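Residues per chain are reported as follows:
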Amino acid sequence: MEGLINGILEYSRVGQKKVKIEKVYVQKLMPELSQMAKNITHKEVEFHYPKELPIIETHLVSLKQVLQNLISNAIRFTEGHAPDIYINAVTHERNWLFSVTDTGRGISPEQHSSLFNLFHRDSTEGVSRESGVGLAICEKIVRWHGGKIWLESEVGKGSTFYFTIPLSE
């Protein structure tokens, strides 16, 4: 219950206050994100990302939160083997296009339309330990930055979550 309340409070705070937009060296976030992943699981996590990720202008804490939530989900929904997580960021049209790909169990097409809704939980888990706010927070942060978030997934083959952050003027 405490986790649910904290998640709701966190969700309600997104976009409520002015934040500092700064240059974020995405490459420098990777060791911290990798360590976070190892801390939340007893599995070995394999991180894959290009040798050079961009420097973007954004709110550091928000970007880290989106990436942490997506990575945490990738770990949670990978069973039977060490999770492989692929992170990338490229320019596409007038945006940075980020992708977080996993080798987990995938998400059924029936869940795609409600996945970013507040309190959405994976219906295949039975009793869930998740609060159902993580992806809703990601969606709200990305939208607050003027971007979009979506996924491509196939059951048994993993998922790729994409999100955009507009290029700075």
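Residues numbered from 1 in each chain as written. Predicted model: local features only at pLDDT ≥ 70, side-chain atom pairs only at ≥ 80, totals over all residues. Heavy atoms only, no water.

This paragraph deals with the overall build of the protein. Within the protein, the regular secondary structure consists of 5 helices and 7 strands. Starting at the N terminus and ending at the C terminus, the protein contains elements arranged as α-β-α-β-β-α-β-β-α-α-β-β. In the protein, which comprises 169 residues, the share counted as buried stands at 46%. Here the protein displays about 9,800 Å² of accessible surface, and carbon together with sulfur accounts for 51% of that area. (Helix = DSSP H or I, 4+ residues; strand = E, 2+ residues; numbered from the N terminus. Buried < 20%, exposed > 50% of the residue type's maximum accessible area, 1.4 Å probe, protein only. Areas by Shrake-Rupley, 256 points an atom, 1.4 Å probe, with all protein chains shown as cover.)

Spatially, β2-β4-β5-β7-β6 is the arrangement adopted by the 5 strands of the open sheet, whose pairing is mixed. This sheet does not close on itself; its edge strands, each paired only once, are β2 (46-48) and β6 (149-154). Geometrically, the sheet is characterised by an average inter-axis angle of 15 degrees between neighbouring strands, direction not taken into account. Where β2 meets strand β4 (residues 84-92), 3 bridges bridge the pair, whose relative direction is parallel. Within the sheet, the bridge partner assigned to His48 lies in β4 and is Tyr86. (Pairing = 2+ DSSP bridges. Axes fitted to C-alpha atoms, helices over the stretch in contact; angles between N-to-C directions.)

A separate point is the packing of aromatic side chains. According to the stated counting rule, one finds 2 aromatic pairs in the structure shown. Measuring from ring centre to ring centre gives 4.8 Å for Phe98 and Phe163, while their planes differ by 0 degrees; the resulting arrangement is stacked. Residue Phe98 is found in strand β5 (residues 95-102), and its partner Phe163 is found in strand β7 (residues 158-166); the two are separated by 65 residues along the sequence. Each member of the pair Phe98 and Phe163 is classed as buried. (Phe/Tyr/Trp six-rings, centres within 6.5 Å; stacked < 30°, edge-to-face > 60°.)

Before going further, it helps to examine the packing of helix α3 (residues 60-76) against helix α5 (residues 134-144). Viewed as axis vectors pointing N to C, α3 and α5 meet at an angle of 150 degrees, and their least axial separation amounts to 9 Å. Remark: the crossing between α3 and α5 carries left-handed chirality. Counted together, Ser62, Gln65, Val66, Asn69, Leu70 and Asn73 of α3 and Gly134, Leu135, Ile137, Cys138, Ile141, Val142 and Trp144 of α5 form the full contact between these two elements. Residue composition of the contact of α3 with α5, grouped by class: 8 nonpolar, 5 polar and no charged. (Left-handed = near helix turned anticlockwise from the far one by under 90°. Contact = heavy atoms within 4.5 Å. Nonpolar A, V, L, I, M, F, W, Y, C, P; charged D, E, K, R; others polar.)

With that settled, the discussion passes to the side chain of Thr58. Among the structural elements, Thr58 can be located in strand β3 (residues 55-58). Within the local environment of Thr58, its side chain forms a polar contact with the side chain of His145, the two groups lying 3.1 Å apart. Beyond its immediate stretch of four places on either side in the chain, Thr58 contacts Lys20, Ile21, Glu22, Val24, Leu63, His145 and Ile165. (Polar contact = N/O pair within 3.5 Å; in protein donor to acceptor, adjacent residues only side chain to side chain.)

Here we come to the pattern of salt bridges. Scanning all chains against the criterion turns up 3 salt bridges. For Glu32, the salt bridge is made with Lys64, and the minimal N-O distance between the two is 2.7 Å. Of this pair, Glu32 sits in helix α2 (residues 26-40) while Lys64 sits in helix α3; the two residues are 32 residues apart in sequence, bridging distant segments of the chain. Residue Arg143 pairs with Glu139 through a salt bridge whose shortest N-O separation is 2.9 Å. Of the two residues, Arg143 and Glu139 both sit in helix α5, 4 residues apart, roughly one turn of that helix. (Salt bridge = Lys/Arg side-chain N within 4 Å of Asp/Glu carboxyl O.)

By themselves, these are just geometric observations and shouldn't be taken as functional.
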